There are 2 protein chains.
Amino acid sequence: MTAATDNAARVHVPLGERAYDILIGPGLIARAGREIAARIKGRKAAIVTDENVAAHYLRPLSESLAASGIEASAVILPPGEKTKSFEPLMEACDKVLAARIERNDAVVALGGGVIGDLAGFVAGIVRRGVRFVQIPTSLLAQVDSSVGGKTGINSRHGKNLIGVFNQPDLVLADSDVLATLSPREFRAGYAEVVKYGLIDKPEFFEWLEGSWNDVFSGGEARIRAIATSCQAKADVVVADERENGPRALLNLGHTFGHALEAATEYDSKRLVHGEAVAIGMVLAHEFSARMNLASPDIARRVEAHLRAVGLPVSMADIPGRLPPPDRLMDAIAQDKKVKDGKLTFILTRGLGQSFIADDVPASEVVAFLKGKHPG
Amino acid sequence: MTAATDNAARVHVPLGERAYDILIGPGLIARAGREIAARIKGRKAAIVTDENVAAHYLRPLSESLAASGIEASAVILPPGEKTKSFEPLMEACDKVLAARIERNDAVVALGGGVIGDLAGFVAGIVRRGVRFVQIPTSLLAQVDSSVGGKTGINSRHGKNLIGVFNQPDLVLADSDVLATLSPREFRAGYAEVVKYGLIDKPEFFEWLEGSWNDVFSGGEARIRAIATSCQAKADVVVADERENGPRALLNLGHTFGHALEAATEYDSKRLVHGEAVAIGMVLAHEFSARMNLASPDIARRVEAHLRAVGLPVSMADIPGRLPPPDRLMDAIAQDKKVKDGKLTFILTRGLGQSFIADDVPASEVVAFLKGKHPG
Ligand SMILES: NC(=O)c1ccc[n+]([C@@H]2O[C@H](COP(=O)([O-])OP(=O)(O)OC[C@H]3O[C@@H](n4cnc5c(N)ncnc54)[C@H](O)[C@@H]3O)[C@@H](O)[C@H]2O)c1
Ligand SMILES: NC(=O)c1ccc[n+]([C@@H]2O[C@H](COP(=O)([O-])OP(=O)(O)OC[C@H]3O[C@@H](n4cnc5c(N)ncnc54)[C@H](O)[C@@H]3O)[C@@H](O)[C@H]2O)c1
Ligand SMILES: [Zn+2]
Ligand SMILES: [Zn+2]
């Protein structure tokens, strides 16, 4: 990552002819027109957004585009995970075509991960691919979903099962817009920031332990946290664009996390994704300790930091009853494939020393869950 | 193209890591299990087909797959262009996921161009891409739509506006299945065969003039015609996979043709695509003569051959009334972009000497259409 002249950090994602820049900093929405016009030939853009985000940022973005000679139209969808399904996809494709977006024009995603995933899919299939710009507005989208090119919608058979790999042409992560994000959503995104430290950046985790307060209050520290996260994700994506190997490390905390999301029926009142990941990361560290891979002190340290910022850290922190351990195990087995009673998990050998373990006995996982279950 | 041991011709499409084979010959459906098992790791396949084609070939294909240890399920859709739309796409994705098709398993398109275009899109987006096999059953699909990787559906804003580039892993063009295709559909596909001669293979056109009867009755000549066409399309695709330049030559006859399809409201009782292309190719040659690019004899020779096989060759051959020349011109201008009163057309300098002309005056086209219009 490099510091740009104007307070923005820049992370370059070197994917050959699909290479792109991620800019991170304040005031990027106001500058969006210039940045997009400099990179994209077309002079039309279709902004895909949700009602919450539109209320704050649609107008400033449209004005910025207009000031750079880009004619913008908007597709405003309802907020929430349900928007990642076929009907909104169809509606968005239709409106983008009605706006006469051509191959050199852009679809611009203005919103959280839901909007980014949907709009990226739309950009990938309208006219078999038009240009695509991500303007992520949630912390989770800025540090995770807007980078890496995975786009798509959900199916009744599972999450993210229909989509395309579609790298954006540009990502603009405006650190100012996080001011209107709810504290709970900010914390949830922060869990993914911590994840990058725990995968392979112990010094970043240590820095977060000391500076999280600054990250939460904005300014330089926040930009640094986002930029470090984007760089970490970009590194993994460049090493493994199509997710055949090391990209799996990004799933640290996610196997347990997904099981908990399923167990709470994706009810965001009880649990949002980043919260599930926070609990999942603690469980992964505790399980690593149980398997004698890492010291239990590491797990306690991770737990202490996540608890300090206000994230849930154990199953007991989830409001309402959870299904019994066997049912949680079923959810895990659905997420992962079980081969000869063995599972693939992301475990750790120490702080920031995660690795892909592909021979974890399912029986050990069930026994562990029984011990952890609030009952 | 090379002759294979077993009566089948083989055309290799050298697209790097997306390279694939096209096999052309008799009995390929019976051999499909073996050919697919040899190239694809997974042992599951979802066959996407339409009711007409399923009635003849779904069982033999399923049996062939089963004999090679591939478990097959089927998605049977209504025949016709309407199937290239969002609802059937959604239904097919859902059924493919219900069949638990994973990234190394295959979606198999068994049908004409409608099924191939839809199934290829499904294969490109389910789990962000699973393996894909084309078993084209119409002549048009065998010589054109199954090769080249364009897949997709229609939108109310136009044809093929939503989709992905998705090269198949294998194309099996079984020459036997054309026996059940209606003579009219066979002729329509034959117009595209003639097209390859007229683009840049005068000797192929001459051979067709002498051997079309053998091509229509089956056997060696038919296989040769299909294989030569596939090779011609593959050559263009390899030169220009994403359609930025020379691939436009494949649109010979299509600018006039699309306008006529629009003018007849895509009513297949009046005109099917290949018929529109036949008329369009004659018009393109006549227009080239009018522009003093080629001798009028060439146009007459093209017309004579197409008429001999039973294809329509002029607007007067279309049953029912046509909109006036100005309205046809509007349809052309919608299909192509008009820049400063100039259009891009595929024209010719002689037999098999087509080229991309990007400065055709719209006024000349209107004047020409006025002369040709049946009134
Ligand atoms: N593509 C990937 O690689 C990837 C990675 C991780 C997660 N995801 C996906 O991301 C989605 C979750 O993303 P999310 O957490 O951003 O959810 P989200 O998009 O639903 O946003 C959360 C909420 O915050 C609101 N919001 C967003 N930005 C705001 C702002 N600046 N001010 C006020 N409100 C704002 C939204 O309207 C929404 O109500 C999931 O669908 C998940 O599958 C994708
Ligand atoms: N992807 C591309 O590059 C490309 C190129 C050209 C055309 N296309 C598309 O192809 C489509 C037209 O393809 P088509 O002409 O094959 O139409 P189609 O798929 O509708 O097939 C024509 C009819 O023949 C029937 N049929 C097919 N094979 C048969 C067989 N062996 N026996 C009996 N009946 C059979 C079908 O059921 C259908 O009723 C259009 O949608 C067009 O846009 C795509
Ligand atoms: Zn996550
Ligand atoms: Zn055609």
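What you see is a predicted model, and the numbers here were worked out from it, not measured in a lab. (Residues numbered from 1 in each chain as written. Chains lettered and ligands numbered in written order. Predicted model: local features only at pLDDT ≥ 70, side-chain atom pairs only at ≥ 80, totals over all residues. Heavy atoms only, no water.)

> It is not clear to me how the domain arrangement of chain A should be interpreted in this structure. Could you clarify?
As a measure of interface size, the accessible area lost when the parts come together is often cited. Residues and elements named next belong to chain A. On domain assignment, one finds that chain A holds domain 1 (2-180) and domain 2 (183-372). Taking only C-alpha atoms, the centre of domain 1 and the centre of domain 2 are 27 Å apart. Each partner contributes residues to the interface: domain 1 has 24 residues there, and domain 2 has 24 residues. Of the roughly 2200 Å² buried where domain 1 meets domain 2, counting both sides, 68% is carbon and sulfur surface. Looking at the side of domain 1 facing domain 2, the largest losses of area belong to Leu139, Val143 and Phe165, adding up to 27% of the total buried there. Our count for the domain 1 to domain 2 interface comes out at two salt bridges. When the shortest N-O distance is used, the salt bridge between Asp144 and Lys233 registers 2.7 Å. Taken together, domain 1 and domain 2 are joined by four residue pairs in polar contact (both at pLDDT 80 or more). Counting only elements with at least two residues in the side of domain 1 that touches domain 2, the list comes to β2 (9-13), β3 (20-25) and α5 (139-145). Considering every element that reaches the side of domain 1 that touches domain 2, the biggest residue donor is α5, with five residues. Looking at the side of domain 1 that touches domain 2 residue by residue, the classes come out as 14 nonpolar, six polar and four charged. (Domains from an automatic or database assignment. Contact = heavy atoms within 4.5 Å. Buried area = accessible area lost by both parts, 1.4 Å probe. Salt bridge = Lys/Arg side-chain N within 4 Å of Asp/Glu carboxyl O. Polar contact = N/O pair within 3.5 Å; in protein donor to acceptor, adjacent residues only side chain to side chain. Helix = DSSP H or I, 4+ residues; strand = E, 2+ residues; numbered from the N terminus. Nonpolar A, V, L, I, M, F, W, Y, C, P; charged D, E, K, R; others polar.)

> So what exactly am I meant to see when it comes to the site of ligand 2 here?
All names here are of chain B. Residues in contact with ligand 2 amount to 24 residues; listed here are only the nearest, Asp50, Glu81, Thr137, Ser138 and Thr180. Between ligand 2 and Gly113 there is a distance of 2.7 Å, counted from an oxygen atom to a backbone nitrogen or oxygen. With respect to ligand 2, the backbone of Val177 contributes an N or O atom lying 3.0 Å from a nitrogen atom. For the shell around ligand 2, the secondary structure elements donating two or more residues are α2 (51-67), α4 (113-125), α5 (139-145) and β9 (158-162). (Near = heavy atom within 4 Å.)

> Quick question: what am I supposed to make of the site of ligand 1 here?
All names here are of chain A. Taken together, 24 residues surround ligand 1, and among them Asp50, Glu81, Thr137, Ser138 and Thr180 come closest. Between ligand 1 and Lys159, the relevant distance is 3.0 Å, taken from an oxygen atom to a side-chain nitrogen or oxygen of the residue. In isolation ligand 1 has 860 Å² of accessible area, and contact with the protein removes 86% of it. If you list the elements that add at least two residues to the shell around ligand 1, you get α2 (51-67), α4 (113-125), α5 and β9 (158-162). Broken down by class, the residue content of the shell around ligand 1 amounts to seven nonpolar, eight polar and nine charged. (Areas by Shrake-Rupley, 256 points an atom, 1.4 Å probe, with all protein chains shown as cover.)

> Can you walk me through α4 of chain B in this structure?
The periodicity of an α-helix, 3.6 residues per turn, causes residues three or four places apart in sequence to face the same way. Residues and elements named next belong to chain B. Between its first and last C-alpha atoms α4 spans 18 Å; for 13 residues at 1.5 Å apiece the expected length is 18 Å, and the two agree. Burial runs high along α4: 13 of the 13 residues are buried. Positive backbone phi, at 50 degrees, marks Arg127, one or two positions downstream of α4. (Expected span 1.5 Å × (residues − 1). Buried < 20%, exposed > 50% of the residue type's maximum accessible area, 1.4 Å probe, protein only.)

> Can you walk me through the pairing of strand β12 (residues 354-361) of chain A in this structure?
As a general feature of sheets, a regular strand has side chains that alternate between the two faces. All names here are of chain A. Of the pairings in the sheet, the one linking strand β11 (residues 342-348) to β12 comprises six bridges and is antiparallel in character. When the bridges of β12 are listed, Leu347 appears paired with Phe355. In textbook terms, the turn of a hairpin is the stretch between consecutive antiparallel strands, and for β11 and β12 this stretch comprises five residues, one of which, Gly352, has a positive phi near 70 degrees. (Pairing = 2+ DSSP bridges.)

> Sorry if this is basic, but what is going on with the coordination of the zinc ion (ligand 3) here?
As a benchmark, a tetrahedral metal site with four donors has ideal angles of 109.5 degrees, while an octahedral site with six donors has ideal angles of 90 or 180 degrees. All names here are of chain A. For the zinc ion (ligand 3), every protein donor is listed as Glu192 (OE), His254 (NE2) and His273 (NE2), and the spread of their distances is 2.0 to 2.1 Å. Read N to C, the donor residues that coordinate the zinc ion (ligand 3) are spaced as E-x61-H-x18-H. Placement of Glu192 in helix α6 (residues 183-200) and of His254 in helix α9 (residues 254-263) is noted, with a sequence separation of 62 residues between them. For the pair Glu192 and His254, a shared accessibility class is recorded, and that class is buried. (Donors = N, O, S within 2.8 Å, 3.2 Å for Na, K, Ca; no water.)

> Can you help me understand the relation of the copies chain A and chain B in this one?
Here the second copy of the chain follows from the first by a rotation about an axis and a shift along it. The two copies are related by a screw operation: chain A maps onto chain B through 180 degrees of rotation and 0.0 Å of translation along the axis, at an RMSD of 0.0 Å. The transformation relating the two chain copies, once decomposed into turn and shift, fits a two-fold axis. (Least-squares fit on C-alpha atoms with pLDDT ≥ 70 in both.)

> Explanation requested: the packing of aromatic side chains in the structure shown.
For any pair of aromatic rings, geometry is given as the distance between the ring centres together with the angle between the planes. Tallying each qualifying case throughout the model produces 19 aromatic pairs over all chains. With a centroid separation of 6.5 Å and an interplanar angle of 75 degrees, the aromatic rings of Phe256 of chain A and Phe287 of chain A are classed as edge-to-face. Residue Phe256 of chain A is found in helix α9, and its partner Phe287 of chain A is found in helix α10 (residues 273-290); the two are separated by 31 residues along the sequence. With relative accessibility at 2%, the residue Phe256 of chain A sits in the buried group. By relative accessible area, which is 0% here, Phe287 of chain A ends up buried. Taken together through their ring pairs, the aromatic side chains of Phe186, Tyr190, Trp212 and Phe216 of chain A make up a single cluster. When the ring centre of Tyr196 of chain B is taken as reference, the NZ or CZ atom of Lys195 of chain B above it lies at 5.4 Å. The cationic tip of Arg349 of chain B hangs over the ring face of Phe355 of chain B; the distance from NZ or CZ to the ring centre is 3.8 Å. (Phe/Tyr/Trp six-rings, centres within 6.5 Å; stacked < 30°, edge-to-face > 60°. Lys NZ or Arg CZ within 6 Å of the ring centre and 35° of its normal.)

> I would appreciate a short explanation of the coordination of the zinc ion (ligand 4) in the present structure.
Taken together, Glu192 of chain B (OE), His254 of chain B (NE2) and His273 of chain B (NE2) make up the protein donors of the zinc ion (ligand 4), found 2.0 to 2.1 Å from the metal. For the zinc ion (ligand 4), the donor residues sit on a single chain with the sequence spacing E-x61-H-x18-H.

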